[in-house]
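Below, each chain spelled out in residue letters.
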Amino acid sequence: MNSNPVLRILKAKAFLLVVIGALALAISKSIVAGMAMHENFATKGNDDIMRLLTVRDWLAGQGWYDVRQYRLMPPEGVSLHWSRYIDAGISAIILPLTMFVPMDTAEQIAVTVWPTLVLVVSVLVVGFGSRRVFGTTAACFAVLCIVLWPLTADLHSRAGNLDHHNIQWLMMVIMSFAVIWPNHPRKAGFIGGIAAAFSLAVGLESLVFIVGVGIIVFVRAALSSTQESRKFLATFCTTLGLGCVGLWFGQTGPADRAVLMCDQLGPPTLLMVGIAMIASLFVVVLANRQTNPFLNLGLAAGVTIAGLLVAWPMLAHCLAGPYAQIPAELQELIATQVTEAKPGLVYARTRAAAALVFTIPIFVAVGFGLIKWFGERDGSVRVKHAHKALGLLLLMCMIGIPMMFLQMRTVIIAAAVAPMIGGVVMADRIGQYLGSRNLKDGLVALVIGLMLLSPKTIVRSVAPILPSSTGGGNSAQDDCRSYKSLIALNEVPSTVIFTHINFGPSLIWATHHSSLAAPYHRSADAFLNGIVPFQMEEADFVSYVRDTTATHLLLCRGFNYQSEYVRGLASGGSAEWLRRVPVSSEDQLLFEILR
């Protein structure tokens, strides 16, 4: 036995030390990034910028139910398919700060604090949840995976990330633990149902995960002989149904409640949740009567099919997804030119390094998790429960893997479960090494640890053989989207500006101008305006721009536009139909459109 008191303390307090270290790392990174946030926020994602604009407009008096950006495609504006609940959370940080600092400073503090707070809660949920189900070692590695893996630590959790994906990721984590929690099935079902309902309220990206979780607990309740699984299912589906209705009423105005929206929580989604709730309760009733479990599943499936047939007129138009009601041309643009909307293999061909960093931990966790699950079945009650919990996590993780091949941004589904599986895998491998002291076992554990915790290290080692990335960052774009550069445009009276899709939200945030371009599918015109004309040559480009309501054209000096003609203008060229408007920033090329 080791008598070193320091080592004894480290071993006894390992979990606490890892959690404190992880939180310190996350918070320190946010503080460093937040110090430059005022200048750099305009270079964040379009959704992050637009989210802050919706918060700003609401605080300025825009209605709770009116989630419309009026400075995009003015004067009608563009309706956004976003939830005010996220706006309320961010506003709860901003409003108290305005008593001590100016509004713009309060905003920049809030855009740093909000994603950091979500990440801190995520670390605590994963850490304490994993320790309860799988033990201390697994919990330590699960926590480390969250704060070191760029997908969970940076993609949606960095300072400035205000889109709703970090909240959805947290809700999926909570749902996962609810499903595997070892006791209190009604409490777990209630918490899981609330998390599922809130996730649907803020966006439907997690719908597939919720459906998958529902099927898992549905089948478990039908086939299991335990009351716990039935109590969980009944509580989960009832809470989900009632929660969805309540949250829908809370964020949807009376005038919009009859609209059959496919891109946010509305009547079609509520109908599907209601049908699933009825079928689930039907299974619980039959299971309590101890009828044949496979008969229970068959009858519940019949109830589900009957419900879908009755509701078909209100559901059919949503089967093709949230983009079914937009022009085919725009659907093609979203699938091919919006980076995160690309299928996984297409994304991997253009951004191989990023794709590997995002997916290596998922495939490693699932692969070695399956090896552990198939190789261990016997043991104490705690070990048997951990074994069942691991199997359920593997099923939930595998829900997200095929989705990645459809759209890369759905990688967060699998990422919600992979850290917990990775923690279990690492605990198992380290246990094997400590038991055998075999060099091979140690090396295997080290390599698996690198792939789970530091996939960037693996990717760097194979970088020379990877295809070069395309469509990456553009320094000219970042220069033009900096706050210092954008505010030079305020030297010109407010007007409507025609610009590339990458600059629309930044322009609205930093200046008093309006824009005709932003990547939001509820306005096909705004989406097309920001892409299509910048692929055209002179005659078509001139005709397109002149046919809009814009009074000015804004180009970024040196930006690599697809059109040779537009690149020429962005390199300092001139045209008879444009009059250069001088501003103090050399990066911004502003032209008055002559008609």
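Structural data are supplied above this passage.
Scope of this entry: the structure provided in the associated data block. (Residues numbered from 1 in each chain as written. Predicted model: local features only at pLDDT ≥ 70, side-chain atom pairs only at ≥ 80, totals over all residues. Heavy atoms only, no water.)

Moving on to the overall build of the protein. Secondary structure summary: the protein contains 28 helices and 7 strands in total. The C-alpha radius of gyration of the protein comes to 26 Å, within 12% of the 25 Å expected for a compact globule of 595 residues. In terms of its C-alpha atoms, the protein occupies a principal-axis envelope of roughly 80 × 65 × 50 Å. When burial is assessed residue by residue, the protein has 52% of its 595 residues classed as buried. If you take every contact in the protein between residues at least 6 apart in sequence, the share linking residues at least 24 apart comes to 71%. Within the structure as shown, the protein displays about 25900 Å² of accessible surface, and the carbon and sulfur contribution to it stands at 65%. (Helix = DSSP H or I, 4+ residues; strand = E, 2+ residues; numbered from the N terminus. Rg over C-alpha atoms; globule rule 2.2 N^0.38 Å. Buried < 20%, exposed > 50% of the residue type's maximum accessible area, 1.4 Å probe, protein only. Contact = heavy atoms within 4.5 Å. Areas by Shrake-Rupley, 256 points an atom, 1.4 Å probe, with all protein chains shown as cover.)

Looking now at the pattern of salt bridges. Under the defined criterion, the tally for this structure stands at 7 salt bridges. The shortest N-O distance in the salt bridge between Arg 51 and Asp 87 comes to 2.8 Å. Here Arg 51 is found in helix α4 (residues 46–59), whereas its partner Asp 87 is found in helix α5 (residues 84–97), with 36 residues between them in sequence. Of the two residues, Arg 51 and Asp 87, both sit in the buried class. Close ionic contact of Asp 87 with Arg 84 constitutes a salt bridge, the shortest N to O distance being 2.9 Å. On the criterion of helical spacing, the pair formed by Asp 87 and Arg 84 is a turn pair, its members being 3 residues apart in helix α5. One network of salt bridges, with partners in common, ties together Arg 51, Arg 84 and Asp 87. (Salt bridge = Lys/Arg side-chain N within 4 Å of Asp/Glu carboxyl O.)

Turning our eyes to something else, we now look at a negative patch on the surface. On the surface, a cluster of negative charge is contributed by Glu 537, Glu 538, Asp 540, Glu 564 and Glu 576. Position of Glu 576 relative to the elements: it lies in the loop between α28 (564–570) and β6 (578–581). Residue class for Glu 576 comes out exposed when judged on its relative accessible area of 80%. (Patch = residues over 30% accessible without salt bridge, like charges linked within 9 Å, V, L, I, M, F, W, Y side chains within 5 Å. Lys, Arg positive; Asp, Glu negative; His and termini not counted. Charge placed at Lys NZ, Arg CZ, Asp CG, Glu CD.)

Take the pairing of strand β5 (residues 552–556) next. Across the 5 residues of β5, 5 count as buried, placing the element largely inside the fold. The sheet contact formed by strand β3 (residues 496–498) and β5 spans 2 bridges and is parallel. Of the residues in β5, the one forming a bridge with Phe 498 is Leu 553. Relative to strand β7 (residues 588–593), β5 is paired through 5 bridges, and the arrangement is antiparallel. Pairing of Leu 554 across the sheet is with Leu 590, part of β7. (Pairing = 2+ DSSP bridges.)

Turning our attention to the pairing of β7. Most of β7 sits out of view: 5 of its 6 residues are buried. The pairing of β6 with β7 spans 4 bridges and is classified as antiparallel. Opposite Arg 580, over in β7, you have Phe 591 as the bridge partner. Between β6 and β7, which pair antiparallel in sequence order, lie 6 residues.

As a further point, take helix α2 (residues 14–35). Over its 22 residues, α2 runs 32 Å from end to end, which matches the ideal 32 Å to within 8%, given 1.5 Å per residue. Within the sequence span of α2, burial applies to Phe 15, Val 18, Val 19, Ala 22, Leu 23, Ala 26 and Ser 30. Down the axis of α2, the buried set is contained in an arc of 125°. They therefore lie on one face. Turned more than 90 degrees away from the buried face of α2 sit Val 32 and Met 35, all of them exposed. For α2, the secondary structure elements touched by its buried residues are α6 (103–134) and α7 (136–148). (Expected span 1.5 Å × (residues − 1). Arc of directions from axis to C-beta.)

This part takes up unusual backbone geometry. The omega torsion of the bond from Pro 74 to Pro 75 falls at 5°, within 30 degrees of zero and hence cis. Topologically, Pro 75 is positioned in the loop between β1 (68–69) and β2 (78–79). The backbone of His 184 shows a phi angle near 50°, a positive value even though the residue is not glycine. You can call His 184 partly exposed: its relative accessible area is 46%.

Moving on, we get to the state of the cysteines. In this structure the tally under the stated criterion is 2 disulfides. Residue Cys 480 pairs covalently with Cys 556 via a disulfide, S to S 2.0 Å. Torsion about the S-S bond of the Cys 480 and Cys 556 cystine: about 85°, corresponding to right-handed handedness. Note that Cys 480 is positioned in helix α23 (residues 475–480) and Cys 556 in strand β5, a separation of 76 residues in sequence. Looking at Cys 480, the relative accessible area reads 1%, which means it is buried. Taking relative accessible area as the criterion, Cys 556 reaches 2% and is therefore assigned buried. Of the cysteine sulfurs around Cys 237, a residue in no disulfide, the closest is that of Cys 244, at 12 Å. (Disulfide = S-S within 2.5 Å.)

A separate point is the packing of aromatic side chains. Scanning the model with the defined rule gives 18 aromatic pairs in all. A centroid spacing of 5.3 Å and a plane angle of 65° characterise the contact between Phe 41 and Trp 509, whose relative ring orientation is edge-to-face. Highlighted residues: Phe 41 in the loop between α3 (37–40) and α4 and Trp 509 in helix α25 (residues 504–510), separated in sequence by 468 residues. Relative accessible area serves as the criterion here: at 0%, Phe 41 is assigned to the buried category. By relative accessible area, Trp 509 is classed as buried at 6%. Measuring from ring centre to ring centre gives 4.7 Å for Phe 559 and Tyr 561, while their planes differ by 75°; the resulting arrangement is edge-to-face. (Phe/Tyr/Trp six-rings, centres within 6.5 Å; stacked < 30°, edge-to-face > 60°.)

Right, let's talk about the nonpolar core for a bit. Grouped together as the largest cluster of nonpolar side chains are 187 residues, with contacts concentrated most on Phe 134, Ile 180, Met 396, Phe 541, Leu 555 and Trp 577. Beyond its immediate sequence surroundings of up to four residues, Phe 541 is in contact with Pro 533, Phe 534, Met 536, Leu 553, Tyr 565, Val 566, Leu 569 and Trp 577. (Core = buried A, V, L, I, M, F, W, Y, C linked by side-chain atoms within 4.5 Å.)

A cluster of nonpolar residues, Ile 109, Val 113, Leu 117 and Val 121, forms a patch on the protein surface that exposes about 270 Å² of accessible area. With respect to the helices and strands, the residue Val 121 is situated in helix α6.

Our focus in this paragraph is the packing of α2 against α7. Where α2 meets α7, the axes come as close as 9 Å, and the angle between the chain directions of the two elements is 5°. Taken together, the axis directions place α2 and α7 in an arrangement best described as roughly parallel. Here α2 contributes Ala 14, Phe 15, Val 18, Val 19, Ala 22, Leu 25 and Lys 29 to the contact with α7, which in turn contributes Thr 136, Ala 139, Cys 140, Val 143, Leu 144, Val 147 and Leu 148. (Axes fitted to C-alpha atoms, helices over the stretch in contact; angles between N-to-C directions. Parallel < 35°, antiparallel > 145°, perpendicular 65-115°, else oblique.)

With that settled, consider the sheet that holds β7. Here we have 5 strands laid out as an open sheet, ordered β4-β3-β5-β7-β6, and mixed in their pairing. Looking at the sheet topology across the chains shown, the edges are occupied by β4 (514–515) and β6.

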